[in-house]
Amino acid sequence: MVRRNDERRAALVDAAIEVLAAEGARGLTFRAVDTAAAVPAGTASNYFANRDDLLTQAGARVYERLRPGAEEIERQRTAKRDKETYAALMREVVGRVSGFRTGYLALLELRLESVRRPGLRAVLTERVRADLDANLAYHEASGLPGDATAVRLLYLAFNWLILEQLTLPGVLTEAEREALVAAAVERIVTE
């Protein structure tokens, strides 16, 4: 029987994200999640039908937690529509995603695990595609310069920049990362 206490479920999924980031997909067990969530043994198994369910819900939860807040959305909505604003927006995105280090690392683990799990791959493909489509729709509605190809190129470039920052933080300094964000927008985005 799968339980419905939404607060407990969220705490367990958040614990699963932490386990994924720290131990990898192979270390994600119900017991490890129970330990990370500081709940009695067997709790996670009461909330998730199986490990695939837990993996899928962890991926969805990362995306929930990465959404920008209302303040950030309003600030972006009312900002100027130029490359400087675009670069500032991209710095905010890189900062927000990098600030949730365990979430991003958990997503990387989920992507690697999806190579071996077609069901997880289907869910992640749908979720990542929906996220990219939402970014494209936001960009189109925002009036910012650039086209859909620029959005896709920045998406790919900044995903790798974030990966570099989170896994090998000594490769680039913060100043270098900031300069790269500005240069990427300047070179990829056309008026």
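This text goes with the structure placed above it.
So, a few notes on the structure that sits alongside this text. Owing to the predicted nature of the structure, the values given are computational and were not obtained by experimental measurement. (Residues numbered from 1 in each chain as written. Predicted model: local features only at pLDDT ≥ 70, side-chain atom pairs only at ≥ 80, totals over all residues. Heavy atoms only, no water.)

### Description of the nonpolar core
The following threshold applies: Residues enter a nonpolar core if they are buried and are Ala, Val, Leu, Ile, Met, Phe, Trp, Tyr or Cys, with the set joined through side-chain atoms within 4.5 Å. In this scheme, a residue with accessible area under 20% of its type's maximum is buried, one over 50% is exposed, and one in between is partly exposed, where area comes from a 1.4 Å probe on protein chains only. By the criteria applied, helices consist of DSSP H or I runs no shorter than four residues and strands consist of E runs no shorter than two, each listed in order from the N terminus. In what follows, a contact means two residues having at least one pair of non-hydrogen atoms within 4.5 Å.
Membership of the largest hydrophobic core comes to 51 residues, with the highest contact counts inside it found for L20, L28, V33, Y86, M90, L154 and F158. The set of elements that each furnish at least two residues to this core consists of α1 (6–23), α3 (43–47), α4 (51–66), α6 (83–99), α7 (101–114), α8 (118–142), α9 (148–167) and α10 (174–188). No other element matches α9, which puts 9 residues into this core. If near-sequence neighbours (up to four positions away) are discounted, L20 is found in contact with A25, L28, L55, A58, A106, E109 and L110.

### Digging into unusual backbone geometry
For A38, which is not glycine, the phi torsion reads 55 degrees and is therefore positive. Secondary-structure assignment places A38 in the loop between α2 (30–37) and α3. Relative accessible area serves as the criterion here: at 69%, A38 is assigned to the exposed category.

### Overview of the packing of α6 against α9
Stated formally: Every angle, taken between N-to-C directions, lies between 0 and 180 degrees, and every axis is a line fitted to C-alpha atoms, over only the stretch in contact when it is a helix. Any angle that is under 35 degrees is reported as roughly parallel, and any over 145 degrees as roughly antiparallel; angles of 65 to 115 degrees are reported as roughly perpendicular and all others as oblique. Note on convention: the crossing is left-handed when the near helix lies turned anticlockwise from the far helix by less than a right angle, right-handed when the turn is clockwise.
Orientation of α6 relative to α9, taken along the N-to-C sense of each, is 40 degrees, at an axis distance of 10 Å. In this view, α6 runs oblique relative to α9, as classed from their interaxial angle. Crossing hand, α6 versus α9: right-handed. Mapping the contact onto sequence places Y86, M90, V94, V97 and S98 in α6 and V151, L154, F158, L161, I162, Q165 and L166 in α9.

### Some remarks on the pattern of salt bridges
What counts here: Any carboxyl oxygen of Asp or Glu that lies within 4 Å of a side-chain nitrogen of Lys or Arg is treated as forming a salt bridge with it.
One pass over the full model with this rule turns up 14 salt bridges. A salt bridge links R96 to E72; its shortest N-O distance comes to 3.0 Å. Separated by 24 residues along the polypeptide, R96 in helix α6 and E72 in helix α5 (residues 70–78) bring together distant segments of the chain. Take R96: its relative accessible area is 22%, and that puts it in the partly exposed class. Residue E72 is classed as buried on the basis of its relative accessible area of 12%. Here the residues in one salt-bridge network are R51, D52, E113, R116 and R117, joined through shared partners.

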